[in-house]
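# What the coordinates show
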Amino acid sequence: VTEERAGFVRRAGEEGEWLVVVDVPLLLETLRDEAALRAEVDVVLLVSCSAAEQRRRCLARPGMSDPKLQTILARQLPDADKRARADFVVDTGRTSSCASHALRLGKGKGSPARQRLARPLQRRRG
């Protein structure tokens, strides 16, 4: 999976794309060191909701049970830790649109996340 993702990002860069989005389950759990994380991605956008909403959504899925959900959650960092490490957070538990949350680029005009978004896609070693 890591090699496939690296190839996808590499091809996008070769094709002149300035932005590539990858969906990586357990990204922050796998890359706990900030330097390792930033070697893989320039910006982290976390899609999140409250624990109660997450539980409600998960248990509504076919085949999901409370024990299964507890096993999944045990592998994840607490939401507060993920939010602290993310550059941007889209809170899907709110009533306003996700787009408005994504457009609020958080930490001000000169933030490191904005600077990383502004630079061209760089080839990753992979």
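As a reminder, the structure under discussion sits directly above these lines.
Here the structure is a predicted model, which means the values were calculated and not measured.

Along the backbone of the protein chain there are 8 helices and 2 strands. Every one of the 126 residues in the protein chain was classed for burial, and the buried ones make up 25%. The long-range share in the protein chain, meaning contacts at least 24 apart out of those at least 6 apart in sequence, stands at 61%. As displayed, the protein chain offers around 8,900 Å² of accessible surface, 55% of which is attributable to carbon and sulfur atoms.

It is worth spelling out unusual backbone geometry at this point. Here the phi dihedral of L26 falls at roughly 60°; this positive angle occurs in a residue that is not glycine. The residue L26 is located in the loop between α1 (2-14) and α2 (27-30) in this model. We classify L26 as partly exposed; its relative accessible area is 25%.

Let us now look at the pattern of salt bridges. One pass over the structure, following the stated rule, counts 9 salt bridges. Two residues, E34 and R38, come together in a salt bridge whose shortest N-O distance is 3.0 Å. Linking E34 with R38, this pair stays in helix α3 (residues 34-40), spanning 4 residues, or about one helical turn. Two residues, D91 and R83, come together in a salt bridge whose shortest N-O distance is 3.6 Å.

Conventions we followed
- Residues numbered from 1 in each chain as written.
- Predicted model: local features only at pLDDT ≥ 70, side-chain atom pairs only at ≥ 80, totals over all residues.
- Heavy atoms only, no water.
- Helix = DSSP H or I, 4+ residues; strand = E, 2+ residues; numbered from the N terminus.
- Buried < 20%, exposed > 50% of the residue type's maximum accessible area, 1.4 Å probe, protein only.
- Contact = heavy atoms within 4.5 Å.
- Areas by Shrake-Rupley, 256 points an atom, 1.4 Å probe, with all protein chains shown as cover.
- Salt bridge = Lys/Arg side-chain N within 4 Å of Asp/Glu carboxyl O.

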